[in-house]
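The primary structure of each chain is shown beneath.
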Amino acid sequence: MTIFADAVHELLPDYKEKEVVNKDALDIYIEHRLMMEQRTRDPNETRDFHNQYPSELMRRFEVYFKTPSSVKPKVIRDVKADAIGKLVNVRGIVTRVTEVKPMMVVATYTCDQCGAETYQPIQSPTFTPLIMCPSRECQTNKSGGRLYLQTRGSKFIKFQELKIQEHSDQVPVGNIPRSMTVFVRGENTRLAQPGDHVSVTGIFLPLLKTGFRQVVQGLLSETYLDAHRIVKMNKTEDDELGTEEMTEDELRVIAEEDFYEKLAASIAPEIYGHEDIKKALLLLLVGGVDHSPKGMKIRGNINICLMGDPGVAKSQLLSYIDRLAPRSQYTTGRGSSGVGLTAAVMKDPVTGEMTLEGGALVLADQGICCIDEFDKMMDADRTAIHEVMEQQTISIAKAGIMTTLNARCSILAAANPAYGRYNPKKTVEQNIQLPAALLSRFDLLWLIQDKPDRDNDLRLAQHITYVHQHNKQPPTQFEPLDMKLMRRYISLCQKKQPAIPESLADYITAAYVEMRKEARTNKDTTFTSARTLLSVLRLSTALARLRLVDIVEKEDVNEAMRLMEMSKDSLLGDKGQTARTQRPSDVIFATIREMVPDKGVRSVKYSEAEQRCISKGFTPAQFEEALEEYEELNVWLLNQARTRITFI
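Residues numbered from 1 in each chain as written. Predicted model: local features only at pLDDT ≥ 70, side-chain atom pairs only at ≥ 80, totals over all residues. Heavy atoms only, no water.

Q: Which residues make up the side chain of Ser199, and what values do they have?
A: Relative to the helices and strands, Ser199 is located in strand β6 (residues 197–206). Its relative accessible area of 7% is what places Ser199 among the buried residues. Polar side-chain contacts of Ser199 include one of 3.0 Å to the side chain of Asn89. Residues in contact with Ser199, not counting those within four places in the same chain, are Asn89, Val90, Arg91, Arg229, Ile230, Val231 and Met233. (Helix = DSSP H or I, 4+ residues; strand = E, 2+ residues; numbered from the N terminus. Buried < 20%, exposed > 50% of the residue type's maximum accessible area, 1.4 Å probe, protein only. Polar contact = N/O pair within 3.5 Å; in protein donor to acceptor, adjacent residues only side chain to side chain. Contact = heavy atoms within 4.5 Å.)

Q: Now, about the sheet that holds strand β17 (residues 603–605): what can you tell me, with residues and values included?
A: The strand order across the open sheet built from three strands is β17-β19-β18, with neighbouring strands paired in antiparallel fashion. Of all the strands in the sheet, just β17 and β18 (636–638) have a single pairing partner and so form its edges. Shown here is a sheet whose adjacent strand axes are inclined to one another by a mean of 20°, direction ignored. Bridging between β17 and strand β19 (residues 644–647) involves three bridges; their strand directions are antiparallel. Residue Val604 lies in a different strand from β19, and its bridge partner there is Ile645. Docked against the sheet, helix α21 (residues 584–595) engages β17, β18 and β19, running at close to 85° with respect to β19. Packed onto the sheet, helix α22 (residues 606–615) meets β17, β18 and β19 and runs at close to 75° relative to β17. (Pairing = 2+ DSSP bridges. Axes fitted to C-alpha atoms, helices over the stretch in contact; angles between N-to-C directions.)

Q: I'd like to hear about the pairing of strand β7 (residues 223–232), residue by residue, with values.
A: Along β7, seven of the 10 residues are buried, which leaves the element largely enclosed by surrounding structure. Sheet analysis places strand β5 (residues 179–185) next to β7, joined by two bridges and oriented parallel. Bridging from a neighbouring strand, Val182 pairs with Leu225 of β7. Bridging between β6 and β7 involves nine bridges; their strand directions are antiparallel. Within the sheet, the bridge partner assigned to Thr201 lies in β7 and is Arg229.

Spelled out as structure tokens, the structure:
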């Protein structure tokens, strides 16, 4: 490295076309020293090498190496002892990033007797400071001048330590992921955040220890990667993250007729149906606009909960969104604790002090956190998500650390109903069994019910068998968009900040009041609060972002309201039809069964049961008919006096 840097320094021209305007302290320091030297010293006199300006101090560039494009990247567990001292390229996920700290490269000393300056280039992790002045004046006079470190005259560079972990698909069966320490210097710092997928090129080196640690360590040594190049990667394909602007042709391809339907259908095209859910997931990826009035913050991220029967591709949709989103985390309900989702207090192995290690929600900051099996989570762990879903922060007060972490992420949750499958005979609250405080934080709560329907089942079966045979979706009216193109279009949409005009304010408020009125009259609906109004506004701004415009239009609000209605509509399903098709005898049986006490004798008074059924609108004849029917089925017995109904 030093040889190459010196060679580059010699190749660079010496002349300056103009003076540098933005000089740093080191530039001025060196300029003053050169002027002083010209004034005081004889030009023919040769300087002592300790008193010469070292090349590291004078250099204004950094030299790094990159591997040829033909070299394949290695897996972390394949970087072994034979790679020490060689340039290697590894890929992984960044799990931990330290703060950027200054690292000394050249130490500058001043003599207290002769005033001469001495420079000490530092190559190793540790160094022994110089004490005695090596200048010719001090050596001749034998004055024994002592050296003092000049912090302003020394040169420091930025230093950061990363921890990268191998991808889950690279881990062999039965093993746990391996990790590697990466040392980053200079302009390569601050390029990666925890959760990023990166490709790191660097020199694989042993970590040399000194003193007592070296004695304890013996012949073994820990290793690290001295990073030369860090590049962010796409999550799915093995290529670099595309940051270039979209061309006119690409925008024209997307902005054709029905581009909204086309973009939605490009989300998980292998999964049949669920058109409206895919539209909602598209809006989740784009997100609404954050607002920060004085003293408060209104989130723009959209939260969605998919609740449905087993086998309706909820987890597949979640894993697809996890792959499509540029920044995301995927967890499951049982495999996540409250600490794992928010933040854990850990002991730093380098400094030994207590530090915070961010959980899944912190790592998914400015991204999406997908939580599967949401209903299986413990209640204590689920409460950790409440603050994130509305305030977008995580407040910590543990082990003397009091802080607030940012968790500006959208939450996409998948859950099963309380009874495993959706029971149409129960109310919505009984089926969902999630607290109202949590439900109100979801902008859309979507119920996916698996109803038997011959035509639909036939199309679904044909779709699944085609995908199974050909490993791709059946041919459709248009070609689904590429995942990389989708990512770039979504990042372009997120730059827009659409506003809601004054003319639409009355329309939106009237629609919200109507929704509240419906919720009040119809008891069997989900909880409607002021958060529902904010949800409509967020969905409207996300739709405007999708069209790359700066003003929300009435069509956007109507589409947002339609999605809200569709999510409610799927919740209610065809409950009205099931209630009408039920026979009076079945309803009477259900009514009497609800009156049975949980403990003691399982019996009901005849007069009380008759009174309850008649109050529900049934005739005495229907009541008698139901009694006889279920008595023949040996479900209950009547005593001879016909005063008590006893369940068998």
